[in-house]
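# Structure assessment
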Amino acid sequence: MEIYMWWLDLDLASKEWLRENLRAAELPEAVLRGIADAGGPGPGRASGGAPALTAADWDFIETQSEFVD
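What comes next is a walk through the structure. Keep in mind the model is a prediction, meaning the values are calculated, not measured.

### Some thoughts on unusual backbone geometry
Notably, Arg 23 is not glycine yet its phi reads approximately 60°, a positive angle. Note on placement: Arg 23 falls in the loop between helix H2 (12-20) and helix H3 (29-37). On the basis of relative accessibility, which here comes to 40%, the residue Arg 23 falls in the partly exposed class.

What follows is the structure, encoded as structure tokens:
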């Protein structure tokens, strides 16, 4: 499922962690649960138990972190 379909349902704490730790190799269990609960990829779909966040997903998260003038 595309990130824009579950991002709005992701809890604020998980969003903040992802924004502050862009392209992290490992995600905390709480963030993994938050992503799965919001409808995103669940743990175990990628190596190391991390969700399969793609480069495009991380780009989306980065754009959600930018300040609007």
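### Thoughts on the nonpolar core
Generally speaking, soluble globular proteins have nonpolar side chains that are buried together. Trp 6, Trp 7, Leu 10, Leu 18, Leu 27, Ile 35 and Leu 53 are the most contacted members of the largest nonpolar core, which has 13 residues in total. Secondary-structure elements contributing two or more residues to this core are helix H1 (3-6), H3 and helix H4 (55-65). When residues in this core are grouped by element, the largest group, 3 residues, is from H3.

### Focus on the packing of H2 against H3
Two elements in contact, H2 and H3, have axes separated by 9 Å at closest approach and are oriented at 115°. For the pair H2 and H3, the crossing hand works out as left-handed. Between H2 and H3, the residues in contact are Ser 14, Trp 17 and Leu 18 and Ala 30, Val 31, Gly 34 and Ile 35, respectively. A class-by-class count of the residues in the contact of H2 with H3 yields 5 nonpolar, 2 polar and no charged.

### Let's talk about the pattern of salt bridges
One pass over the structure, following the stated rule, counts 3 salt bridges. Here Arg 23 makes a salt bridge to Asp 59, at a shortest N to O gap of 2.6 Å. Within this pair, whereas Arg 23 is found in the loop between H2 and H3, its partner Asp 59 is found in helix H4, the two being separated by 36 residues in sequence. For Asp 59, a relative accessible area of 37% corresponds to the partly exposed category. A salt bridge links Glu 62 to Arg 23; its shortest N-O distance comes to 3.1 Å. With Glu 62 in helix H4 and Arg 23 in the loop between H2 and H3, this pair connects stretches of sequence that are 39 residues apart. Ionic contacts of the salt-bridge type, sharing partners, join the residues Arg 23, Asp 59 and Glu 62 into one network.

### Examining the side chain of Ser 14
Within the secondary structure, Ser 14 sits in helix H2. On the basis of relative accessibility, which here comes to 2%, the residue Ser 14 falls in the buried class. At a separation of 2.9 Å, a polar atom in the side chain of Ser 14 contacts the side chain of Asp 11.

Calculation notes
- Residues numbered from 1 in each chain as written.
- Predicted model: local features only at pLDDT ≥ 70, side-chain atom pairs only at ≥ 80, totals over all residues.
- Heavy atoms only, no water.
- Helix = DSSP H or I, 4+ residues; strand = E, 2+ residues; numbered from the N terminus.
- Buried < 20%, exposed > 50% of the residue type's maximum accessible area, 1.4 Å probe, protein only.
- Core = buried A, V, L, I, M, F, W, Y, C linked by side-chain atoms within 4.5 Å.
- Axes fitted to C-alpha atoms, helices over the stretch in contact; angles between N-to-C directions.
- Left-handed = near helix turned anticlockwise from the far one by under 90°.
- Contact = heavy atoms within 4.5 Å.
- Nonpolar A, V, L, I, M, F, W, Y, C, P; charged D, E, K, R; others polar.
- Salt bridge = Lys/Arg side-chain N within 4 Å of Asp/Glu carboxyl O.
- Polar contact = N/O pair within 3.5 Å; in protein donor to acceptor, adjacent residues only side chain to side chain.

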